[in-house]
Number of protein chains: 2
Amino acid sequence: MIPGAVHGTDELITNFASVNFLNLQRRADVMDCLVDATRQYGLGSGGTRVIQGITPAHVDMEQTVARYLNKEAAISFATGTVANIGFINAMAGTQQFMQGLAMVNRDVVFVYDRDAHWSLWKAAEGLKFGERLFSFQHNSVESLEEVLRKLRGKRVVVVFESVYSIDGTVAPMHELVDLCERYGALSYVDDANGFLVYGPPNRNFHVEYEGMLRATFIMVSMKKAVGLEGGLIAGPKDAIDSFELISGASSFTAGVLAPAAAGTAYITRLLAYEEPQIVDDYLAKVADFRSRLLDVELPITDTATCFTSVVVGDEAKCVELYNAYLEQGIRVPPYLYPAARRGGAVLRIILNAGHTEEQIEHFIEVSKNFRDQKML
Amino acid sequence: MIPGAVHGTDELITNFASVNFLNLQRRADVMDCLVDATRQYGLGSGGTRVIQGITPAHVDMEQTVARYLNKEAAISFATGTVANIGFINAMAGTQQFMQGLAMVNRDVVFVYDRDAHWSLWKAAEGLKFGERLFSFQHNSVESLEEVLRKLRGKRVVVVFESVYSIDGTVAPMHELVDLCERYGALSYVDDANGFLVYGPPNRNFHVEYEGMLRATFIMVSMKKAVGLEGGLIAGPKDAIDSFELISGASSFTAGVLAPAAAGTAYITRLLAYEEPQIVDDYLAKVADFRSRLLDVELPITDTATCFTSVVVGDEAKCVELYNAYLEQGIRVPPYLYPAARRGGAVLRIILNAGHTEEQIEHFIEVSKNFRDQKML
């Protein structure tokens, strides 16, 4: 069997794949918020943002998220991928809507962390590598400086992620932003995986997150901690306002559903200000889970994020393991190239706030057996 | 004011912009279906299709839509734009996941109708024009044949729309598909605007729609007649199944929300089999509306679709008119380049099944005044 989803099965499987790790929709207040917004606004946007406008729920979400990220403004898109496509389209394109109303960005070049997400590379597919698109070694400040030095005099946008979900690495945020500032480059951080999880002083990477807030633009996903759908870009008001027109994605593709917007605003306030304990408890649960995986000597990535992967390497073997876990009623998805590097296949394990002790115990037992049988 | 949405206003505006023209969420049964599915599945997908799997609601939707379009199978994406990006990624790319599992499409070339939607052009941005990407004159069978003749011997995918929503033109479906078959090319029809509206013998373009069903792939949007969100591609089962892996969009970006999937299945059955009268009534209302616009000599496009545009031409003037309508409490969005052709700006008017006689009368009165003042 090739890697892929199991569809339409009735079997109950313990899911270690869900990126919606806080499981918030099991809370009655969150579900009520979603249902109320559905009854009020419906589950269709009625069209694109530019054509149709947006609801008060969207305005509330964008202001709430911008405030949390300490940016002037924010704009939302149907998915994180669409947000990334919209950003690159806005920053790379030349657009003239009518006499005297144009945006000419044809000289802008982009410098990507080489491990940046597929959606970012997809968004830049029209830009010739080595001409308008460059890359630096993953999380390497030295490598970025080398590239920026060569690009001196050009208008540069540096693009990287905060938390990389395949290997659980975290960008050296202050150092990267320092460099961008020194070389006069704009910075765009994809914080899809970190949003609302990291940041406060009591959590890992507090310092890095302080650095992230200094980036010109921060992109976040509503699919992870929030557990809904959509992507959002926060930054300087002038730029964000202009994205409505020049991102293309705001003109030609559907916006976020109003109930998802209402839910995002609600959950952002909940996790950021009202009950941050939800995240603290989750991270403590992850730390405990990881130490139990290490106890049974599972070859897991060394990370302090909530994304733990079992390192397999060989791609076919990784798919075999995926199937072996599935036979034991456990879903841990294989990440092959291009999600992981060539020959760097992993099984990604995402603990869910809703996992029971029995489910966790079963996972560890099964993994231990695979380990004893030298399958891992 | 530049063209853009009015956000966060409390003023009530009569909306002739909504692409959700059948207004189905006002039906209690549809809303109950959405709310029930939200309570059952939540409003988050939990991750991408490949990683996370899909719900029974997705399976039901895909089977229902595939059956309606007379195709073997169908696969859904978060938006129509993501579906188009996924299709081109699948058909254009070279992908090797592991030893012995590869898809090599680097020699496939694409031939686009030049008026194809932004999302289709965006999806092909990485393909060099004149090398892997070609275009033919809008809806011109002769022009397509000329291009296909030159590409003989290559693997070709011809990409066009059924109903073009800016000028209300309809593709000569049988002739285009005939040509594709004669030259051994695959055909991909973006039916975002026609899905569930056109087709039955009593409606316009019945013959064209019979032709469309002959295309290799049909892409539809759940945003228009269905009024929800998402895009869907129907076609031969082998190809559709492979899209889960090779579209990229199924691996790296969120899927359709389960309640939108449940609603789409419900509405598709409603409009296709149970109450097709809903669409017949709407189309009769559109025909009546158009004849009243012609009575006051508005310069509207000559179309038998439900997409009527007021031809303005000059882009700045089009934006002025948009604002003038807005001051009268009416929203009719301006379409400039690249949505319309350069110098071919229009105001697009979409009648909604829920518009009252008073709202329609007001629109006609206002338009007549603009016409009398030579603004139109």
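Here the structure is a predicted model, which is why all the values come from computation and not from measurement.

Rules used in this analysis
- Residues numbered from 1 in each chain as written.
- Chains lettered and ligands numbered in written order.
- Predicted model: local features only at pLDDT ≥ 70, side-chain atom pairs only at ≥ 80, totals over all residues.
- Heavy atoms only, no water.
- Helix = DSSP H or I, 4+ residues; strand = E, 2+ residues; numbered from the N terminus.
- Rg over C-alpha atoms; globule rule 2.2 N^0.38 Å.
- Buried < 20%, exposed > 50% of the residue type's maximum accessible area, 1.4 Å probe, protein only.
- Areas by Shrake-Rupley, 256 points an atom, 1.4 Å probe, with all protein chains shown as cover.
- Lys, Arg positive; Asp, Glu negative; His and termini not counted.
- Charge placed at Lys NZ, Arg CZ, Asp CG, Glu CD.
- Contact = heavy atoms within 4.5 Å.
- Buried area = accessible area lost by both parts, 1.4 Å probe.
- Salt bridge = Lys/Arg side-chain N within 4 Å of Asp/Glu carboxyl O.
- Nonpolar A, V, L, I, M, F, W, Y, C, P; charged D, E, K, R; others polar.
- Expected span 1.5 Å × (residues − 1).
- Least-squares fit on C-alpha atoms with pLDDT ≥ 70 in both.
- UniProt positions renumbered as here; feature names shortened; annotations may be inferred.
- Polar contact = N/O pair within 3.5 Å; in protein donor to acceptor, adjacent residues only side chain to side chain.
- Pairing = 2+ DSSP bridges.
- Axes fitted to C-alpha atoms, helices over the stretch in contact; angles between N-to-C directions.
- Right-handed = clockwise from strand over helix to strand, strands pointing away.
- Parallel < 35°, antiparallel > 145°, perpendicular 65-115°, else oblique.
- Left-handed = near helix turned anticlockwise from the far one by under 90°.

A.B. asks: Go over the overall build of chain A, please, and point to the residues and values.
C.D. replies: Looking only at helices and strands, chain A features 14 helices and 14 strands. Expected size for 376 residues packed as a compact globule is a radius of gyration near 21 Å; at 21 Å, chain A falls within 12% of this value. Buried residues in chain A amount to 65% of all 376 residues. Put simply, chain A shows about 14000 Å² of open surface, and 49% of that area lies on carbon and sulfur atoms. Measuring between centres, the 34 positive side-chain charges of chain A sit 6 Å from its 46 negative side-chain charges.

A.B. asks: Any details on the interface of chain A and chain B? Residues and values, ideally.
C.D. replies: In this complex, chain A contributes 76 residues to the contact, which on the side of chain B involves 76 residues. When the two sides are added together, the surface that chain A and chain B hide from each other amounts to roughly 6000 Å², 63% of it contributed by carbon and sulfur. When the buried area of chain A at its contact with chain B is split by residue, A:Leu43, A:Ile51 and A:Phe252 rank highest and sum to 13% of it. Where chain A meets chain B, there are 2 salt bridges. Across the salt bridge formed by A:Asp32 and B:Arg39, the nearest N and O atoms sit 3.2 Å from each other. Per-element accounting of the side of chain A that touches chain B gives the leading share, 6 residues, to helix α1 (residues 28-41) of chain A. For the side of chain A that touches chain B, the per-class residue count stands at 38 nonpolar, 27 polar and 11 charged.

A.B. asks: I'd love a proper account of helix α14 (residues 357-372) of chain B, names of residues and values included.
C.D. replies: Residues and elements named next belong to chain B. Taking 1.5 Å as the rise per residue, α14 with 16 residues should run 22 Å; its terminal C-alpha atoms sit 22 Å apart, in good agreement. Buried residues along α14 sit in contact with α12 (277-295), α13 (315-327), β12 (330-331) and β14 (345-349). Where α14 ends, the next residue or the one after it, lysine 374, has phi of about 60°, a positive value.

A.B. asks: Requested: an account of the relation of the copies chain A and chain B, with residues and values cited.
C.D. replies: For the pair chain A and chain B, the best superposition has an RMSD of 0.0 Å and corresponds to a rotation of 180° with a translation of 0.0 Å parallel to the axis. Such values leave the two copies arranged in the relation of a two-fold axis. The position closest to the rotation axis in chain A is occupied by the C-alpha of A:Gly126, lying 2.2 Å away. Comparing interface residues between copies, 100% of those in chain A also lie at the interface in chain B; the contact surface is shared.

A.B. asks: Any details on the UniProt feature "domain: Aminotransferase class I/classII large" (unreviewed entry) in chain A? Residues and values, ideally.
C.D. replies: Per the UniProt record, "domain: Aminotransferase class I/classII large" (unreviewed entry) is annotated on residues 14-365 of chain A. Within residues 14-365 of chain A, the helical portion is 42% and the strand portion 18%, while the C-alpha atoms at the span's ends are 14 Å from each other.

A.B. asks: Report on the environment of B:Asn193, specifying residues and quantitative values.
C.D. replies: All names here are of chain B. One can find asparagine 193 in the loop between β8 (186-190) and α8 (206-212). Of the residues examined, asparagine 193 reaches a relative accessible area of 3% and is grouped as buried. Sequence separation between asparagine 193 and glycine 168 is 25 residues, and the spatial gap between their C-alpha atoms is 9.7 Å. Sequence-distant contacts of asparagine 193, defined by excluding residues within four places in its chain, comprise Glu161, Val163, Tyr164, Ser165, Tyr198, Lys224 and Phe307. A polar atom in the side chain of asparagine 193 sits 2.9 Å from the backbone oxygen of valine 163.

A.B. asks: Lay out the sheet that holds strand β11 (residues 308-313) of chain A with the relevant residues and their values.
C.D. replies: Residues and elements named next belong to chain A. Judged by pairing direction, the sheet is antiparallel, and its 3 strands sit side by side in the order β11-β14-β13 without closing on themselves. If you trace the sheet from one side to the other, it starts and ends with β11 and β13 (334-335), each paired once. Across 2 bridges, β13 lies against strand β14 (residues 345-349) in antiparallel orientation. In the sheet register, proline 334 faces β14, and the bridge partner there is leucine 347.

A.B. asks: Got a sec to walk through the pattern of salt bridges? Specific residues and values, please.
C.D. replies: Per the stated rule, a full pass over the model turns up 40 salt bridges over all chains. Note that A:Lys237 is salt-bridged to A:Asp241, the shortest N-O span being 2.6 Å. With A:Lys237 and A:Asp241 both in helix α9 (residues 237-246), this residue pair falls 4 residues apart, about one helical turn. The exposure class of A:Lys237 is partly exposed, given its relative accessible area of 41%. A residue is classified by how much of its surface remains accessible, and A:Asp241, at 41% relative accessible area, is partly exposed. As a salt-bridge pair, B:Arg182 and B:Glu145 come within 3.5 Å of each other at their nearest N and O atoms.

A.B. asks: A description of the sheet that holds β14(B) should follow, citing residues and the corresponding values.
C.D. replies: Residue and element names in this part refer to chain B. As summarised here, the arrangement of the 3 strands in space is β11-β14-β13, forming an open sheet in which the pairing is antiparallel. Two strands close off the open sheet at either side, each with one partner strand: β11 (308-313) and β13 (334-335). Taken strand by strand, α13 contacts β11, β13 and β14, and its axis lies near 30° from that of β14.

A.B. asks: Which residues make up the environment of A:Gln40, and what values go with them?
C.D. replies: Mapped onto the fold, A:Gln40 is located in helix α1. A C-alpha to C-alpha distance of 9.0 Å links A:Gln40 and A:Ala258, two positions 218 residues apart in sequence.

A.B. asks: A description of the pairing of strand β8 (residues 186-190) of chain A should follow, citing residues and the corresponding values.
C.D. replies: Both faces of the sheet carry side chains from a regular strand, because those side chains alternate between them. Residue and element names in this part refer to chain A. Of all 5 residues in β8, 4 are buried, a share of seventy percent or more. Taken together, the 5 bridges between strand β7 (residues 155-161) and β8 define a ladder with parallel strand orientation. Its bridge partner lying in β8, phenylalanine 160 is registered against valine 189. For the crossover from β7 across helix α7 (residues 173-182) to β8, the handedness is right-handed. By the bridge criterion, 3 bridges tie β8 to strand β9 (residues 217-221) in an arrangement that is parallel. Within β9, the residue paired with tyrosine 188 across the bridge is phenylalanine 217. Each parallel crossover has a hand, and the one from β8 via helix α8 (residues 206-212) to β9 is right-handed.

A.B. asks: I'd like to hear about the environment of A:Val19, residue by residue, with values.
C.D. replies: For A:Val19, the location among the structural elements is in the loop between β1 (14-15) and α1. Between the C-alpha atom of A:Val19 and that of A:Val50, which follows or precedes it by 31 residues, the distance is 30 Å. Setting aside residues no more than four positions away along its own chain, A:Val19 makes contact with A:Lys223, A:Lys224, A:Arg348, A:Ile350, B:Gly46 and B:Gly47.

A.B. asks: Tell me about the packing of helix α3 (residues 56-68) of chain A against helix α11 (residues 258-274) of chain A, and name the residues and values.
C.D. replies: Residue and element names in this part refer to chain A. Put simply, α3 and α11 touch, their axes get as near as 8 Å, and they point 30° apart. Of the possible angle classes, the one that applies to α3 and α11 is roughly parallel. α3 and α11 meet at a crossing whose hand is left-handed. Residues Ala57, His58, Asp60, Met61, Thr64, Val65, Arg67 and Tyr68 of α3 form the contact with α11, whose participating residues are Ala258, Ala261, Ala262, Thr264, Ala265, Thr268, Arg269, Ala272 and Tyr273. A breakdown of the residues in the contact of α3 with α11 according to their chemical character gives 10 nonpolar, 4 polar and 3 charged.

A.B. asks: Before we move on, can you summarise the side chain of A:Asn20 with the specific residues and values?
C.D. replies: Along the chain, A:Asn20 turns up in the loop between β1 and α1. Judged by its relative accessible area of 13%, A:Asn20 is buried. When neighbours within four sequence positions are excluded, A:Asn20 is seen to be in contact with A:Gln25, A:Lys223, A:Lys224, A:Gly227, A:Asn352 and B:Gly46.

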